[in-house]
Every structure is written in structure tokens, then in C-alpha cells.
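Each chain, letter by letter, is given below.
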Amino acid sequence: MTRRLYFACMPAACLMILACNRSSPPAVVVVRPAPGTLDLCIAANEFDDGPAIATASRIGEEAQAKERDRRAARGEPPLAPTAEEGLSFYVNKVDCTYHWAPLSPVYARRLGIGLPTAEDDHNNIERQFVEARKFGNWVHHAGAFYCSTSSGKNEWGVESVDYFMLIRDEPKEMSLNGVDITFTWFRNDPGAKDSVHLDAKLEGADADKLFDMTTRNRPTEGRSRMLVLIHRGKVLSEANITGPLAGGRFAYSGGANQNGLDFEELLAELRK
């Protein structure tokens, strides 16, 4: 079962570094990704991005098998949906473009790719990808759109597959690319009943951009949108936007039954 992380506004707070002995992990972990390595984007969804999704389907259907194979052999995704000449995709009051962002191995595993499943599991995500690849189609899963390409089998007979998520790109002046951000993880006792939190704080103009982006993409009429973390060009994580995020702050929250394992893995990637 894929774990879901949800964003929430967090009030400003002072950070207290708690003492710990040498044999225990630090009570507070702070990670600041290398400059220019982290982007915050919006995942394309069925409510806002219908025209782009329809275009992506048409591109997949019209693409010749040779062209699909050629791009797959180079590890490239299918062509991204583009608007007709002289037109643009207009979503939530801004002109947008799209691209297929590759999934990181960490996110692919979280999605359920490469994990053992029962043979009769009709919701097997990898089986959905296999069927979609036959016709150059995408997979709609948990509110986002994905696709995959295969460059064939290696010398050991293992198929090499690349996976991608469809991302909506806002205008450059509104986008959150190469953000200056700090993550702070407050570790809890694994047996504690309280939730564990991974807080994030953006600095400068990026804080205002985050508020504007999440205001445009806030939940409406039961429809949720997802904010995606892209690290070094690959999807690392995503979470539902619960409302406008003010002050450049947001937080992942998870139950103590997770033992912080997802956060450990996420922060390890962000350190790279």
C-alpha cells in the first residue's frame, strides 16, 4: 500500500536541538539540499488538465512503434503534450506547458513498482504499466498520470524500464525551480502515539510563489491537487495540497507506525 504524505500549513516556531547520547540518532535532523537541485511543481490531474491529457493520448496513439522504440532506447519519455500553434494550455488563470518527469528509484518503490504482489492482484501497478506500454498509453493512478518506456532486455534477460510522471509547468516567473529550502525532521520515539513531522521552509521570494501556487491549486469541490518534489530532475515525492501555504512553510506528517522510515529515505536523497 502506497503511503501518502499530506501538506499542511505550519506556524512559525523556534527549533530546539535536543541532547542525545552517541548511540542514539539525533532528535532533530536538518537538511538543506544543494542549491539548484530541488523544484516544486504541480502534477497534472484529470480535473484541470483535460486538454493536455487528451493531447497526450492522441500523441501516444499516433506515434509509430519505431519512434516509440527509438525514444525508449535513449531513455526518453513520449513526447509531452503541446498546444496547437498559436494557442496555449490555460490552467487556473495561467498559461502552462507540460513535461514527463522521470521517477526516482525511491519514488518508484513507494508507488509499488518492483515490489512483490499476488499474481491475482488486479491493481498491480506494474501490470497496468505493461498494458499501457503496448499502445503508448499512460496510467492514471492515485490522482496523477504516469507512463513508462522499455528499452529492451539486458544480457540477463531483465527488461529495462523507465517511468515518468506528467508535470504541469507554470510560467518561469511563477515557477519554483531551484528553490532555497530547508527540511527539519523532528524524530519521535517509535512507540509514541504522536505523529512525526518533516517541516520545510522556503526563503525569500519563493515563499510568496509557494503561497500563490498553492492558492491557485487549492482543493475545490472535493478535488485535490498534488505538489511534487523534483530532486535533480527526478520525482522524489508528492503530497496532496490541503490549502494555501503561507509563510513559505509546509509539513509532511506521518503516523508513528511509519517509524520515520520514509523520512529517513527522503532526507538521504536530498543530501545527495
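Fair warning: this is a prediction, and the values are worked out from it, not measured in the lab.

### Concerning the overall build of the chain
Next, step 1: Across its full length, the chain holds six helices and 13 strands.
Next, step 2: When burial is assessed residue by residue, the chain has 43% of its 272 residues classed as buried.
Next, step 3: Long-range contacts, defined as pairs at least 24 residues apart, comprise 70% of the intrachain contacts of the chain with a sequence gap of at least 6.

### What to know about the confidence of the model for the chain
Next, step 1: Of the residues in the chain, 79% have a pLDDT of 70 or more, and the chain-wide mean is 80.
Next, step 2: Of all helices and strands in the chain, the one with the weakest mean pLDDT is strand β1 (residues 5-6) (40), whereas strand β3 (residues 38-43) scores best (97).
Next, step 3: Below a pLDDT of 50 lies the segment residues 1-22, which in the model reaches 55 contacts outside its immediate sequence neighbourhood of four places, other chains included.
Next, step 4: Contacts of residues 255-260 to residues separated by more than four positions or lying in other chains number eight contacts, the stretch itself having pLDDT below 50.

### What about the pattern of salt bridges?
Next, step 1: This model, assessed by the stated rule, comprises nine salt bridges.
Next, step 2: The salt bridge involving Arg216 is made with Glu170; its shortest N-O contact spans 2.3 Å. With a gap of 46 residues between them, Arg216 in helix α5 (residues 205-216) and Glu170 in the loop between β8 (159-169) and β9 (181-186) connect regions that are remote in the sequence.
Next, step 3: Looking at Glu170, the relative accessible area reads 10%, which means it is buried.

### A few points about the layout of surface pockets
Next, step 1: Taken as a whole, the second largest pocket holds about 290 Å³ of empty space.
Next, step 2: In terms of lining residues, the second largest pocket is bounded by 21 residues, among which Arg68, Asp69, Pro78, Gly136 and Thr149 are the most central.
Next, step 3: Within the residue set of the lining of the second largest pocket, elements represented by two or more residues are α1 (50-62), α2 (65-73), α4 (125-134) and β7 (144-153).
Next, step 4: Ranked by residues supplied to the lining of the second largest pocket, first place goes to α2 with six residues.
Next, step 5: Of the residues that constitute the lining of the second largest pocket, the class distribution is eight nonpolar, six polar and seven charged.

### A few points about the pairing of β9
Next, step 1: Taking burial as the measure, the six residues of β9 include five buried ones, the bulk of the element.
Next, step 2: As paired elements, strand β2 (residues 28-31) and β9 share four bridges and run antiparallel to each other. For Val29, the partnering residue across the bridge sits in β9 and is Trp185.

### Observations regarding the nonpolar core
Next, step 1: Counting residues in each nonpolar core, the largest one holds 28 residues, and the members touching the most others are Phe183, Phe250 and Tyr252.
Next, step 2: The element best represented in this core is helix α6 (residues 261-270), accounting for four residues.
Next, step 3: In contact with Phe183, other than residues within four places in its own chain, are Val29, Val30, Val31, Pro33, Leu38, Leu198, Asp199, Ala200, Leu229, Tyr252, Leu267 and Leu270.
Next, step 4: Counting 21 residues, the second-largest nonpolar core is a separate cluster that includes Cys41, Ile125, Val139 and Val228.

### Let's talk about the environment of Asn217
Next, step 1: Here Asn217 is to be found in the loop between α5 and β11 (226-231).
Next, step 2: Of the residues examined, Asn217 reaches a relative accessible area of 0% and is grouped as buried.
Next, step 3: Of the polar contacts made by the side chain of Asn217, one reaches the side chain of Asn92; its length is 3.0 Å.

### Considering the packing of aromatic side chains
Next, step 1: Counting across every chain of the model gives five aromatic pairs.
Next, step 2: Aromatic pair Phe129 and Tyr163: ring centres 4.9 Å apart, planes at 75 degrees, arrangement edge-to-face. In this pair, Phe129 sits in helix α4 while Tyr163 sits in strand β8, placing the two residues 34 residues apart along the sequence.
Next, step 3: On the accessibility criterion, Phe129 (0% relative accessible area) is buried.
Next, step 4: Between the aromatic rings of Trp138 and Phe145, the centroid separation amounts to 4.8 Å while the plane-to-plane angle is 85 degrees, which identifies the pairing as edge-to-face.
Next, step 5: With relative accessibility at 28%, the residue Trp138 sits in the partly exposed group.
Next, step 6: A relative accessible area of 4% means that Phe145 is categorised as buried.
Next, step 7: Grouping aromatic residues by their ring pairs yields a cluster made of Phe129, Tyr146 and Tyr163.

### Description of α5
Next, step 1: In this model, α5 (twelve residues) spans 17 Å end to end at C-alpha, consistent with the 16 Å of a helix rising 1.5 Å per residue.
Next, step 2: Buried within α5 are the following residues: Asp206, Ala207, Leu210, Met213 and Thr214. For α5, the angular spread of buried residues about the axis comes to 130 degrees, placing them on one side. More than 90 degrees from the buried face of α5, the exposed residues found are Ala205 and Asp208.

### Things to note about unusual backbone geometry
Next, step 1: The backbone of Asn92 sits at a positive phi, close to 50 degrees, despite the residue not being glycine.
Next, step 2: Turning to its location among the elements, Asn92 is positioned in the loop between β4 (89-91) and β5 (94-102).
Next, step 3: The exposure class assigned to Asn92 is partly exposed, which follows from its relative accessible area of 22%.
Next, step 4: Positive phi is not limited to glycine here, since Ala142 has a value of about 50 degrees.
Next, step 5: Its place among the elements puts Ala142 in the loop between β6 (139-141) and β7.

Rules used throughout
- Residues numbered from 1 in each chain as written.
- Predicted model: local features only at pLDDT ≥ 70, side-chain atom pairs only at ≥ 80, totals over all residues.
- Heavy atoms only, no water.
- Helix = DSSP H or I, 4+ residues; strand = E, 2+ residues; numbered from the N terminus.
- Buried < 20%, exposed > 50% of the residue type's maximum accessible area, 1.4 Å probe, protein only.
- Contact = heavy atoms within 4.5 Å.
- pLDDT = per-residue confidence, 0-100.
- Salt bridge = Lys/Arg side-chain N within 4 Å of Asp/Glu carboxyl O.
- 1 Å grid on protein atoms, 1.4 Å probe; cavity = no way out; pocket = protein on both sides within 12 Å on 5 of 7 lines; lining within 4 Å.
- Points joined across faces, edges and corners; volume = space filled by probe spheres on them.
- Nonpolar A, V, L, I, M, F, W, Y, C, P; charged D, E, K, R; others polar.
- Pairing = 2+ DSSP bridges.
- Core = buried A, V, L, I, M, F, W, Y, C linked by side-chain atoms within 4.5 Å.
- Polar contact = N/O pair within 3.5 Å; in protein donor to acceptor, adjacent residues only side chain to side chain.
- Phe/Tyr/Trp six-rings, centres within 6.5 Å; stacked < 30°, edge-to-face > 60°.
- Expected span 1.5 Å × (residues − 1).
- Arc of directions from axis to C-beta.

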